[in-house]
Amino acid sequence: MKRTLLEAKVSDVQKRKVPQKHYVYVIHVGWSDGTVNIIYRRYNQFFDLQCYLLDAFPVEAGAKHPTDRMIPFLPGKILFRRSQVYDVAAKRLTALDEYCRALIRLPSKISECSMILQFFEAVADDIQPPIAEQSKKTKGETISGPKLLEQYVAVADYKNNSNEELSMKAGVLVDVIEKRDTGWWFVYLDGEQGWVPGNYLMRDGWNPQQGESILSDSGKEQFITLRPYAAQRSDEISFEKGVLVTVLNRNLQGWWQISYNGLEGLAPATYLEKPTDNREKMNFLSSTYMHPTQLVTNVMEVSRYQLLVFDV
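In this text the structure is predicted, and so the values were computed from the model without any measurement.

## Some thoughts on the pairing of strand β7 (residues 192–197)
Stage number 1. Inspection of the sheet shows strand β6 (residues 184–189) paired to β7 by six bridges, in the antiparallel sense. Opposite Leu189, over in β7, you have Glu192 as the bridge partner.
Stage number 2. If you look at the hairpin formed by β6 and β7, you'll find two residues sitting between the two strands, and Asp190 has a positive phi there, around 50 degrees.

## Comments concerning the environment of Leu93
Stage number 1. Along the polypeptide, Leu93 turns up in helix α2 (residues 85–104).
Stage number 2. Since its relative accessible area comes to 18%, Leu93 is described here as buried.
Stage number 3. When the C-alpha positions of Leu93 and Ser11 are compared, they lie 7.6 Å apart, and in sequence the two are 82 residues distant.
Stage number 4. The residues contacting Leu93, other than those within four sequence positions of it, are Val10, Ser11, Asp12, Val13 and Tyr25.

## A short note on the sheet that holds β6
Stage number 1. Strand order in the open sheet formed by five strands is β7-β6-β5-β4-β8, with antiparallel pairing between adjacent strands. Two strands lie at the open edges of the sheet, namely β7 and β8 (201–202), each paired on one side alone.
Stage number 2. In the sheet, strand β4 (residues 150–154) pairs with β8 via two bridges, with the strands oriented antiparallel. Its bridge partner lying in β8, Val153 is registered against Met202.

Scoring rules and cut-offs
- Residues numbered from 1 in each chain as written.
- Predicted model: local features only at pLDDT ≥ 70, side-chain atom pairs only at ≥ 80, totals over all residues.
- Heavy atoms only, no water.
- Pairing = 2+ DSSP bridges.
- Helix = DSSP H or I, 4+ residues; strand = E, 2+ residues; numbered from the N terminus.
- Buried < 20%, exposed > 50% of the residue type's maximum accessible area, 1.4 Å probe, protein only.
- Contact = heavy atoms within 4.5 Å.

Structure below.
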């Protein structure tokens, strides 16, 4: 019978010098067969686990609807100087402890998946941690320092519509932790993390044609518009609420190439939603035409090319 996790508590941070200076988190792990282990994990191992879970369980990760997310958030990678490394590691301890506890409480299809079980399994270095005199690098081990997050400027105010989203003011700098092709980005701002529409953010000199293009396996897909959009540039396309459009190309910047009424152009991905099946598609369209009242939202129409000038 496969054993399962009962407890995972992050209790401390330790400094290691082999194969080079880094910090590990001390985790007490309890299993259903009565086994108790102490394991040591670096932050980048947590980060790799999180990336796997977000890809393996997109629905539970909130890829389609942020409000459906149940996979816990991981404290983001932070920009820091060398003298601040321990402080950053120590501040993450409580958040990582909460992260581990939340993983165990997830539905069994996630909490008992092979990646999570392997993460908490004791390995050789957990039983006998390397010492300074044994500086030989473990085969296959990679040592990566903190990665610098991309910084973007908010081109307009955004007010969060749920606890998972983050409010921001025009002109603020945010660190982007994660980008989803749904148009929602996970960002870090003033000590807080949350989702914001990617089309509210811009880097100076960004060209949407240079963004990473993502096509689904099935090629062109039909989506339903959640609200009307009025094109603000010649390469954008206008549409009404509740109409079917065809997505030709996706872009992580949150702007998708679509076709509608014989025209093609860019549209904000956050205005589009993919129906789960044909019945839902027909029900959505039927209710839309029977009740033509427009959705009331506080999301401003934002141009991809709105430029702001700031004093520095």
